[in-house]
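# What the coordinates show
Read off the chains here:
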Amino acid sequence: MKTADATRVKFAPAEDAARLFTPAFCEYLVLLHDTLGARALELRARRAEILRAALNQHVMPGHPPVSAANTGDWRVPAVPDELRKPGIEISGPCSITPMFINALNPGPEGERAEGDLDDDEDSGGHRLIDTVRAAHNRLAAVNRELTFEDRERGKSYRIAPGELPFFMHRERGLHLDEPDVTIDGTPVNAAILGTALTLFYAGRAQADRGQGIYFYLPKLELAPEARWYRDLFDLSRGRLSSLQNATIRAVVLVESLPCVYQMEEMLWELGPYAAGLNAARWDLKASIFEFVMADPKQVWPDRFGVDIKTTPFLANIFRRLVAICLKRGAVPIGGMATALPSNDREVNRTAGEAIQKDKEWEAAQGFIRAWVAHIFHMKTAADPFKKLIGSGWTPTPEMAKPENYPVKIGVPAGPVTVEGTRRNARMLIEYVEGWLNGRGAKGIDSLEGKPGVHPALMEDLATGRMSVAQIAQRIRHHAKDPQAGVAHDGALVKRLLQEELADILSRRPKSAEVETRYRNAMKVAMRWVKNYTELDFRSLGAYTRAELDAIARAPDALLSVSGPRRPLRGRGSTARRRRRSSGP
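This structure is a prediction, so every number in the text was calculated from the model and none was measured. (Residues numbered from 1 in each chain as written. Predicted model: local features only at pLDDT ≥ 70, side-chain atom pairs only at ≥ 80, totals over all residues. Heavy atoms only, no water.)

What follows is about the pattern of salt bridges. In this structure the tally under the stated criterion is 61 salt bridges. Close ionic contact of Asp 130 with Arg 127 constitutes a salt bridge, the shortest N to O distance being 2.8 Å. The partly exposed category is assigned to Arg 127, whose relative accessible area is 24%. One salt bridge in this structure joins Glu 178 and Arg 172, with 3.0 Å as the shortest N-O distance. Here Glu 178 matches Arg 172 in class, with each residue buried. (Salt bridge = Lys/Arg side-chain N within 4 Å of Asp/Glu carboxyl O. Buried < 20%, exposed > 50% of the residue type's maximum accessible area, 1.4 Å probe, protein only.)

As a further point, take the packing of helix α1 (residues 23-57) against helix α4 (residues 190-208). Packing of α1 against α4 brings their axes to within 10 Å, and their N-to-C directions diverge by 140°. Taken together, the axes of α1 and α4 are oblique relative to one another. As α1 runs across α4, the sense of the crossing is right-handed. Taken together, the residues of α4 that come into contact with α1 (itself represented by Ala 24, Phe 25, Tyr 28, Leu 29, Leu 32, His 33, Leu 36 and Gly 37) are Ile 192, Leu 193, Ala 196, Leu 197, Leu 199, Phe 200 and Tyr 201. (Axes fitted to C-alpha atoms, helices over the stretch in contact; angles between N-to-C directions. Helix = DSSP H or I, 4+ residues; strand = E, 2+ residues; numbered from the N terminus. Parallel < 35°, antiparallel > 145°, perpendicular 65-115°, else oblique. Left-handed = near helix turned anticlockwise from the far one by under 90°. Contact = heavy atoms within 4.5 Å.)

Within the secondary structure, Arg 426 sits in helix α12 (residues 418-436). Among the residues examined, Arg 426 registers a relative accessible area of 1% and is labelled buried.

Okay, the packing of aromatic side chains next. Scanning the model with the defined rule gives 20 aromatic pairs in all. Between Phe 215 and Phe 233 the ring centres are 5.4 Å apart and the planes differ by 35°, which places this aromatic pair in the tilted class. You can see Phe 215 sitting in strand β9 (residues 213-217) and its partner Phe 233 sitting in helix α5 (residues 223-239), a full 18 residues away along the chain. Take Phe 215 and Phe 233: they sit in the same class, and that class is buried. Taking 6.0 Å as the distance between ring centres and 80° as the angle between the ring planes, the aromatic pair formed by Trp 300 and Phe 313 counts as edge-to-face. Here Trp 300, found in the loop between α8 (282-292) and α9 (312-328), pairs with Phe 313, found in helix α9; they are 13 residues apart in sequence, far enough to count as distant. The two residues Trp 300 and Phe 313 agree in class, both being buried. Taking the ring centre of Phe 200 as reference, the NZ or CZ of Arg 204 above it sits at 4.0 Å. Between Lys 285 and the ring centre of Trp 282, over which it is positioned, the NZ or CZ distance is 4.4 Å. (Phe/Tyr/Trp six-rings, centres within 6.5 Å; stacked < 30°, edge-to-face > 60°. Lys NZ or Arg CZ within 6 Å of the ring centre and 35° of its normal.)

A few words on the pairing of β9. Judged by how many residues are buried, β9 sits mostly within the fold: 5 of 5 residues are covered. Burial along β9 is two-sided: Ile 213, Phe 215 and Leu 217 facing one way and Tyr 214 and Tyr 216 facing the other are all buried. Bridge count between β9 and strand β10 (residues 248-254): 5 bridges; the pairing is parallel. From the neighbouring strand, Leu 217 faces β10, where its bridge partner is Val 252. Crossover β9 to β10 through α5 is right-handed. (Pairing = 2+ DSSP bridges. Right-handed = clockwise from strand over helix to strand, strands pointing away.)

As for its position among the elements, Ala 18 is in the loop between β1 (9-11) and α1. Residues Ala 18 and Val 132 lie 114 residues apart in sequence; the distance between their C-alpha atoms is 9.5 Å.

On to the sheet that holds strand β11 (residues 274-279). Within the closed barrel, the 8 strands sit side by side as β2-β3-β6-β9-β10-β11-β12-β13. Their pairing is parallel. Across the sheet, the axes of successive neighbouring strands diverge by a mean angle of 30°, strand direction being ignored. As paired elements, strand β12 (residues 331-337) and strand β13 (residues 369-372) share 3 bridges and run parallel to each other. Bridged to Met 336 within β13 is Trp 371.

Here α1 is 35 residues long and its end C-alpha atoms lie 49 Å apart, about the 51 Å a rise of 1.5 Å per residue gives. Along α1, the helix axis deviates most sharply at Leu 36, where the bend reaches about 45°. Residue His 58 follows α1 closely and has a positive phi angle near 55°. (Expected span 1.5 Å × (residues − 1). Bend = angle between axes of the 7 residues up to and from the residue.)

Okay, here's the thing in structure tokens:
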């Protein structure tokens with residue numbers, strides 16, 4: 001490739017970006033863009049077709065035809081030993097340096113997590129500066145050089161001595177673009193950019209150290225998308241000599257309804273890079289909401305009442321995931337424990353008991369690890385897996401048969417309540433306030449100020465998406481709270497948002513800046529909800545910051561929400577060509 005190809009790449013000003021966008025990296029990025037960019041658009045278009053069929057014709061996704069991928073006795077290549085370790089992975093944004101360092105260090109009991117999910121997706125900020133910081137931080141962490149000085153608090157952050165967790169890199173998905181990085185004036189696919197940065201910098205450093213290079217692949221929906229990543233890894237091996245003999249493996253995040261039907265095919269298409277499947281929770285529920293949004297018979301109860309363990313059709317999806325992994329030699333990874341530590345011992349005790357019960361259930365289903373949001377709860381979350389697997393327990397032969405766990409999407413049992421909608425509304429205001437300030441994950445207590453024992457939870461883009469989807473579904477179908485005798489509509493939701501905003505502001509420091517931030521967050525939350533009522537399911541990450549600023553200045557979006565009489569549309573960000581949203 002000619003060096004002149006590097007001049008095709010343009011990037012917006014961002015601190016330390018120039019150190020990453022060298023001529024050599026830009027040439028590599030151009031290769032990936034020219035080879036895979038158009039295919040990513042085709043895959044998005046196929047996603048949109050499947051979603052439209054569900055919304056317009058009630059034709060839901062289903063299992064692919066019989067093929068070599070779902071028959072025979074093939075198995076994924078031998079999974080590295082460290083990826084088979086029972087325990088826990090600590091998850092958090094790798095662009096926020098002190099949080100990344102804390103995740104790599106031991107918890108209160110002196111133990112480290114088995115793995116670190118260094119995230120630039122659901123808990124990342126989705127700005128170019130976040131992507132740049134994540135790339136620098138990953139490289140520095142691999143080299144054990146990552147430090148941070150918090151001068152305001154007088155705190156220094158360093159990586160403690162001892163063996164580090166293995167790294168699980170998670171980039172943004174192929175459904176998003178990065179408008180601040182262009183090639184020939186066209187925004188680069190966000191998955192191409194993030195994966196390229198990680199492989200070119202942290203990945204090569206890991207290869208030099210003899211470490212495996214591991215990825216979580218987010219938001220996959222169709223098996224050809226897994227093949228797209230396989231080709232990305234193949235191209236990278238061919239371009240970067242230090243990766244030719246490196247171990248590169250990937251775990252698919254099962255967080256979309258179409259993916260549920262294609263888990264086996266995903267592993268098949270990844271080929272030499274296949275390692276496992278992860279049971280995402282909130283994103284999967286949000287995806288189901290999107291596919292059934294036009295169906296008035298599919299209105300779900302309050303989100304905090306829908307437990308994987310006690311909702312049979314959801315539990316069976318995850319049992320099927322485990323069965324496929326057992327059948328094909330892959331590793332099954334469970335869901336997230338999101339509770340954050342508190343100064344109240346009773347809150348911590350209650351949270352610990354809930355986490356332990358949840359992870360005991362996952363371990364008994366055959367999962368070998370799961371995720372946790374904070375080092376405070378690492379040991380509590382890890383012990384169930386270590387103890388059960390360490391006891392010599394093994395899954396039964398019946399647990400390895402996917403056919404024992406058919407996919408049947410239903411409506412969970414439970415009430416629809418205005419108070420449940422209120423919790424979603426408060427979460428949205430708090431979450432969007434964090435997002436507007438560059439934080440893709442934020443500790444939120446949606447029951448703040450109310451009696452009872454309730455820890456704050458680490459909420460991220462997945463839980464934001466779930467809350468938006470549930471609110472929109474209730475508005476579209478005028479879902480009724482029987483006890484309150486109230487039906488949902490835009491006016492009710494707007495009132496809940498306003499009431500929660502007032503309560504939040506009464507508990508925060510009194511300043512014009514704080515009030516402006518939260519009022520802007522409410523405006524954006526309204527727009528996000530309205531989009532979903534109109535069957536426009538674009539990600540919050542599909543908006544530029546300029547567009548979000550414009551929404552904050554515009555009239556309240558929920559003023560015009562009237563119910564389900566809107567034209568049916570496809571997924572905004574996935575169907576859109578080579579740009580983010582068209583604006584507010």
